[in-house]
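Topology and contacts: notes
Listed below are the residues making up each chain.
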Amino acid sequence: MKRVLIIGSGISGLTCAVETAMAGNCAVLVSPYPSERAQSVMAAGGINAVVPNGDNGDSIDLHVRETLDGGCRIAGERTVTGLCTDAPHILTWLEGLGVVFTRNADGSLARRAFGGQSRKRTAYAGASTGKQIVTALVQEARKWECAGRITRRLGLQFHSALIEDGVCSGALFYDETAKRLEPLYADAVVFATGGQNRLFGKTTGSALCDGYAAGQLFLQGAKLKNLEFIQYHPTTIETPQKRMLITEGARGDGGRLYYMENGRRVYFMEEKYGEKGNLMPRDIVSKCIYDAPSQVYLDIAFLGEQKIKENLREVYDLCREYLGLDVTKESIPVAPSVHFFMGGLAVDIKHRTNICNLYAVGECASIYHGANRLGGNSLLAAVYSGRVAARDIAQVSPTPSHANFESYIREQNEKLSARTATKSRFSAVYIQNDLAKIMNEDLGIVRTEEKLHDGIQNLQFYLSIVEKLKYDSEISPYQAYSLRPMLCLGLAVLTCAAERRETRGAHIRTDFPQRADNMATCTLIDYNNGAFDVTYRNEDELCW
Amino acid sequence: MLVKIKRQKDAESAPYWQTFSVDADPDMTVSALLDRLNYTDDLYDAEGVAAPRIRWECSCSQKMCGACAMVINGIPKLACAAFLRDEKGDVLTLEPLSKFPVVADLIVDRSIISENLQKAQAYLGTYRPLRKKDFEQMYAAAKCLKCGLCLEVCPNYSKGEHFFGALFANEAALLALQSKDRAKPLREAYDKHFAAGCSKALSCVGVCPMEIDTLASMARMNRSGK
Ligand SMILES: Cc1cc2nc3c(=O)[nH]c(=O)nc-3n(C[C@H](O)[C@H](O)[C@H](O)COP(=O)(O)OP(=O)(O)OC[C@H]3O[C@@H](n4cnc5c(N)ncnc54)[C@H](O)[C@@H]3O)c2cc1C
Ligand code: FES
């Protein structure tokens, strides 16, 4: 029986744990907090799958084509075909676990169209699809916990992977209660740590997704991919605590975008792209909103109170509570904001990274979405990737390692104690705030070489001093040791963005405003003794 | 405004109170206020003494994950859904939930919640599709955040040794209604870990941020036993 260490317990980590147990292996599922706190619970709008008798002759081929087109033709056809082909089975599996998907009056599965889809292909569970899936998966995982096949470890934060000679044997975690580092060894290690939100300060997503694991693994030799592709969700609202998302489901159900000009509403998306203009892929809608001459609004009031309260209840509640706005009567002021990361750990079709025995799944892995993810495809990818990784682990023999990590662990413990014992008043929060500021200002929807290089220089400066600095011990030890890897990740993102001298997907390079045919490929970045090496590869050809 | 916070360096240290002065807007939530304090470059308390950052648990910042449950002016609430405009008095008081061990400041260890659900073997078995009339309530029950507010407010819940509280009643009802083969053991666990200890104080109903109808779950479980 193999022992599989899974780090992160959102939808991808949970699925991987359940599938590992089903395959007869043992999973150790680690996260600082329970699954109910993971970003996965925030997913509102739905999950994509072509079901039998789908909308208007929908087909798996069409799902594949639209995913590739939406991703601006750089995702792999083979990988995306695997994802879309399995989608109907995934939906059936989730239903069997008790996910309460919304149904039509005739009992059939209700579906809506998300952006970039020509058919209604998105199944949903009211306005809390992610939460409903998490609840069912937690209950399923519990069954395997009772059977002794899944062990949950809460209160542990990832510190570093235990890697020697390109083989991973486990990982080291910081235990806040015991105040020390704890190693966990395994035959295979799966990262399911989500996106890189914290790099940008506050985003639409969870503060628990900070990108630290990707940054740390990068420093330990893992390749990262497509980091420059960041999705800006077109419709977010400004509240005193963060920007909150108005689900694409609002436009899927008919919501219309407009701005005011000379006292009249200009439905700019419909004017430019016709009847389905409001549902263009997110990159296009975000760019159009960015270019609009004045504040853009989303109108759903005309759908009527009953439909809004039935299908878009969360939108109604969110605007009422946080904006004091009644969406059954007024339009919602919206703007684009950082939302999803197409980039992350580079994986092959089996979700293996370039380090033996090390896998990545869910949003922390970069695959399927190309330069722009279609709404509803990431929940699908989270479930699919968890299953693929668990099945591969079950099938292959792990690469053996006889490495001894004792001295490494001792060294890291000493380093941590020295850091927490410092009496310095220099604020690490200052650097964190500045990192977020640099990422937001120098790497927006609109980018230039000059700005990107400013950002790179600033981060290089911080990196040159961060290990020498004695900063305050008053932040949590995790926050303290995560600073350098996060600065490195930020620098890697900016480097990839600077190297991509074209406009593709979510961003506009004003100095290179066209899509370049010779760049229809994925970016890989490697860390080699302080150097950041960028290369380009086709997604389907990636295998290690 | 003044914010008085019950602080504790770590699980072993003694708690103490510290007051901060902060510019606040009535439309801010408590979570926005904590962020404002924590994201200043240097943090000082109301007396001008350098203070460590305030540790609190936060994930979604929009009432979807249950991380930020704490006691606000004496009442258990989610910080990201508690608006300053609704709080009375000149001083805002923040304390960690009292029924769980403190990890640091406002962060508590709620792992007992999942441990107890496992102890009660709260899982589905073979799936039986929900009847249409049950859909709405079960959809709501599946939204339980496992935040622990219902346990904090319940006069019968202390450390979760035998009585597992309202969140368990809702979980049991959700599972029993959808299970082809496990309704009986779920019902037995419900009797042992909920019905036997519930005095129907019902304080759990009002405190639930998801407005889950625990009474309806109780009614279903009682009926299913007949
Ligand atoms: C507001 C919002 C709405 C969305 N709506 C949709 C939608 O309708 N449809 C759709 O397809 N997608 C949607 N998405 C995207 C989707 O939610 C995510 O891509 C998906 O849930 C990611 O799942 P995951 O398992 O990869 O990661 P997550 O759910 O983010 O889980 C990450 C896990 O890793 C843990 N972790 C992180 N760092 C560490 C560390 N250092 N050590 C240990 N553990 C760690 C976390 O605690 C957590 O348990 C939405 C996203 C947001 C923000
Ligand atoms: S932070 Fe998620 S509920 Fe408050």
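Up top is the structure these notes are about.
Given the structure is predicted, the values throughout are model-derived calculations rather than measurements. (Residues numbered from 1 in each chain as written. Chains lettered and ligands numbered in written order. Predicted model: local features only at pLDDT ≥ 70, side-chain atom pairs only at ≥ 80, totals over all residues. Heavy atoms only, no water.)

The next point concerns the interface of chain B and chain A. With 61 residues of chain B in contact, the opposing surface of chain A contributes 51 residues. Buried area between chain B and chain A, summed over both chains or domains, comes out near 4600 Å², and the portion from carbon and sulfur atoms is 49%. A per-residue breakdown of the area chain B buries against chain A is headed by Tyr39, Gln62 and Tyr139 of chain B, which together make up 13% of the total. Counting every contact that joins chain B to chain A gives seven salt bridges. As a salt-bridge pair, Glu321 of chain A and Lys63 of chain B come within 3.0 Å of each other at their nearest N and O atoms. Inspection of the region where chain B meets chain A yields 30 residue pairs in polar contact (both at pLDDT 80 or more). Every element with two or more residues in the side of chain B that touches chain A is listed here: α1 (30–38), β6 (102–104), α2 (111–119), α3 (132–141) and α5 (166–178) of chain B. (Contact = heavy atoms within 4.5 Å. Buried area = accessible area lost by both parts, 1.4 Å probe. Salt bridge = Lys/Arg side-chain N within 4 Å of Asp/Glu carboxyl O. Polar contact = N/O pair within 3.5 Å; in protein donor to acceptor, adjacent residues only side chain to side chain. Helix = DSSP H or I, 4+ residues; strand = E, 2+ residues; numbered from the N terminus.)

Residues and elements named next belong to chain A. Following the sequence through the fold, Ile150 ends up in strand β6 (residues 150–154). As a C-alpha pair, Ile150 and His63 span 87 residues in sequence and 34 Å in three-dimensional space. Beyond its immediate chain neighbours, meaning those up to four positions away, Ile150 contacts Ala17, Val18, Ala21, Ala27, Leu29, Ala141, Trp144 and Glu145.

All names here are of chain A. Summed over all chains, the structure comprises 20 aromatic pairs over all chains. With centroids separated by 4.9 Å and ring planes inclined at 80°, the aromatic side chains of Phe158 and Phe191 adopt a geometry described as edge-to-face. Within this pair, whereas Phe158 is found in strand β7 (residues 156–164), its partner Phe191 is found in strand β10 (residues 188–191), the two being separated by 33 residues in sequence. Judged on exposure class, the residue Phe158 and its partner Phe191 are both buried. For the pair Tyr478 and Tyr481, a centre-to-centre distance of 5.4 Å together with 85° between the ring planes defines the contact as edge-to-face. (Phe/Tyr/Trp six-rings, centres within 6.5 Å; stacked < 30°, edge-to-face > 60°. Buried < 20%, exposed > 50% of the residue type's maximum accessible area, 1.4 Å probe, protein only.)

Residues and elements named next belong to chain A. Examined against the element boundaries, Val446 turns out to sit in strand β21 (residues 446–447). Sequence spacing of Val446 and Ser108 is 338 residues, and the spatial spacing of their C-alpha atoms is 43 Å. With sequence-adjacent residues up to four places away left out, Val446 is seen in contact with Tyr290, Ile508 and Thr510.

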